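Geometric and topological summary
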Amino acid sequence: MRIVETIEEVRAQIAEWRKEGRTIGFVPTMGYLHEGHMSLIDAAGENDRVVVSIFVNPMQFGPNEDLASYPRDLEHDAGMCEEHGVDLIFYPTPEEMYGDTFYSYVDMNVLTQELCGLSRPVHFRGVCTVVAKLFNIVTPDKAYFGQKDAQQLAIIKRMVKDLNMPLTVIGCPIIREADGLAKSSRNTYLSPEERKAALVLSRSVFLGKKMVEEGERDAKKVISAMKEEIEREPLARIDYVKVVDLDTMQQVERIEGDILTAIAVFIGKTRLIDNFIYNEK
Ligand code: PAF
């Protein structure tokens, strides 16, 4: 496994693999890898070569967000990648990605104007821009993203479709701790007391999912039951609980077709997300 810091080195390696006729799977990450990322890397193993990028992208953090404190540990990440058969880690600096000046952005309407886009106004422009850049650098056949960031996954699928990017985007299921908490690099911010309180997210998601699976079709009823569950936890503060159309991210009143029920909840100062998808057959 190689670790490279420059775009030129990535391009040279990819060119070599392309000459040999290899297919390339790509997993973009911000590092501090956990089993959720490993499930994406394992899925990318269906390609001949696997590339992982590790880059805490400043452009997707708002001014009062956790860019400076976002956890970083390259040695640990490299060890996990090696164990899971990664061939190349791209570990650029912000200067390598953005230079001294940077004027171009990839932005999107509609899908970005709901859910996390409302509380994190610059976030998805930063995500789309960096992911478009990474796709241009790595030129993968397939790229893998977690369903935990369901809005991000929908936005990236849409960007690839709208801008005719020549790759397939694959969504992979949420990976949870044994007690239900969705795996996230941000779980490391939680104190032991908050870690316990954070279980209210998965409890609320499982409750909503059960209601829908048992036939409830009124989004308002599902949302209020889920909110009630969260409000029972004194350390939790709701950012949103919403039911949206899976493709457009617009709120729906009736649960029909493919829907996403998504929540964002502050546990102390840490903002966590979770969700479930319901596909009506
Ligand atoms: O999901 C993430 O870790 C990031 O948003 C991504 C896709 C790597 C872009 O920086």
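Our structure's up above, just so we're on the same page.
Residues numbered from 1 in each chain as written. Predicted model: local features only at pLDDT ≥ 70, side-chain atom pairs only at ≥ 80, totals over all residues. Heavy atoms only, no water.

1. Observations regarding the overall build of the protein chain
- A tally of regular secondary structure across the protein chain gives 10 helices and 9 strands.
- What you see for the protein chain is a C-alpha radius of gyration of 19 Å, in line with the 19 Å of a compact globule of 281 residues.
- Along the first, second and third principal axes, the C-alpha set of the protein chain runs to 55 × 40 × 35 Å.
- Counting only residues that meet the buried cut, the protein chain has 52% of its 281 residues in that class.
- Sequence separation of at least 24 residues holds for 71% of the intrachain contacts in the protein chain that already meet a minimum separation of 6.
- For the protein chain, the exposed area adds up to about 13,600 Å²; of that, 48% sits on carbon and sulfur atoms.
- Considering the protein chain, the positive charge centre built from 34 side chains and the negative charge centre built from 45 side chains are found 4 Å apart. (Helix = DSSP H or I, 4+ residues; strand = E, 2+ residues; numbered from the N terminus. Rg over C-alpha atoms; globule rule 2.2 N^0.38 Å. Buried < 20%, exposed > 50% of the residue type's maximum accessible area, 1.4 Å probe, protein only. Contact = heavy atoms within 4.5 Å. Areas by Shrake-Rupley, 256 points an atom, 1.4 Å probe, with all protein chains shown as cover. Lys, Arg positive; Asp, Glu negative; His and termini not counted. Charge placed at Lys NZ, Arg CZ, Asp CG, Glu CD.)

2. Considerations on the packing of aromatic side chains
- Under the counting rule described, the total for this entry stands at 6 aromatic pairs.
- Residues Tyr98 and Phe102 carry aromatic rings whose centres are separated by 4.9 Å and whose planes lie at 80° to one another, so their mutual orientation is edge-to-face.
- On the accessibility criterion, Tyr98 (11% relative accessible area) is buried.
- Overall, the relative accessible area of 24% leaves Phe102 in the partly exposed class.
- Note on Phe102 and Tyr105: the rings are 6.1 Å apart at their centroids and 85° apart in plane angle, and the pair reads as edge-to-face.
- A relative accessible area of 38% means that Tyr105 is categorised as partly exposed.
- Among the aromatic side chains, those forming a connected cluster through ring pairs are Phe55, Tyr98, Phe102 and Tyr105.
- The side chain of Arg237 reaches across the aromatic face of Phe266, ending 4.3 Å from its centre. (Phe/Tyr/Trp six-rings, centres within 6.5 Å; stacked < 30°, edge-to-face > 60°. Lys NZ or Arg CZ within 6 Å of the ring centre and 35° of its normal.)

3. Re the side chain of Glu194
- For Glu194, the location among the structural elements is in helix H8 (residues 192-197).
- In this view, Glu194 contacts Tyr189, Leu235, Ile267 and Gly268; residues no more than four positions away in its chain are not counted.

4. Details of the site of the ligand
- In the vicinity of the ligand, the contacting residues are Pro28, Thr29, Met30, Asn57, Gln60, Val127, Val130, Val131, Phe145 and Gln152.
- For the ligand, an oxygen atom lies 2.6 Å from a polar atom in the side chain of Gln60.
- Between the ligand and Gln152 there is a distance of 2.7 Å, counted from an oxygen atom to a side-chain nitrogen or oxygen.
- If the ligand stood free it would expose 290 Å²; the protein chains cover 88% of that surface.
- The set of elements that each furnish at least two residues to the shell around the ligand consists of strand E2 (24-29) and helix H6 (123-138).
- Tallied by class, residues from the shell around the ligand come to 6 nonpolar, 4 polar and no charged. (Near = heavy atom within 4 Å. Polar contact = N/O pair within 3.5 Å; in protein donor to acceptor, adjacent residues only side chain to side chain. Nonpolar A, V, L, I, M, F, W, Y, C, P; charged D, E, K, R; others polar.)

5. Looking at the sheet that holds strand E9 (residues 270-279)
- Within the open sheet, the 3 strands sit side by side as E7-E8-E9. Their pairing is antiparallel. Looking at which strands have only one partner, the edges of the open sheet turn out to be strand E7 (236-245) and E9. When strand polarity is set aside, the average angle formed by the axes of neighbouring strands in this sheet is 15°.
- Bridge analysis of strand E8 (residues 258-267) against E9 gives 10 bridges, and the strand direction is antiparallel. Across the sheet, Phe266 pairs through a bridge with Arg271, a residue of E9.
- In the packing of helix H9 (residues 199-213) onto the sheet, the strands contacted are E7, E8 and E9, and the crossing angle to E9 comes to about 15°. (Pairing = 2+ DSSP bridges. Axes fitted to C-alpha atoms, helices over the stretch in contact; angles between N-to-C directions.)

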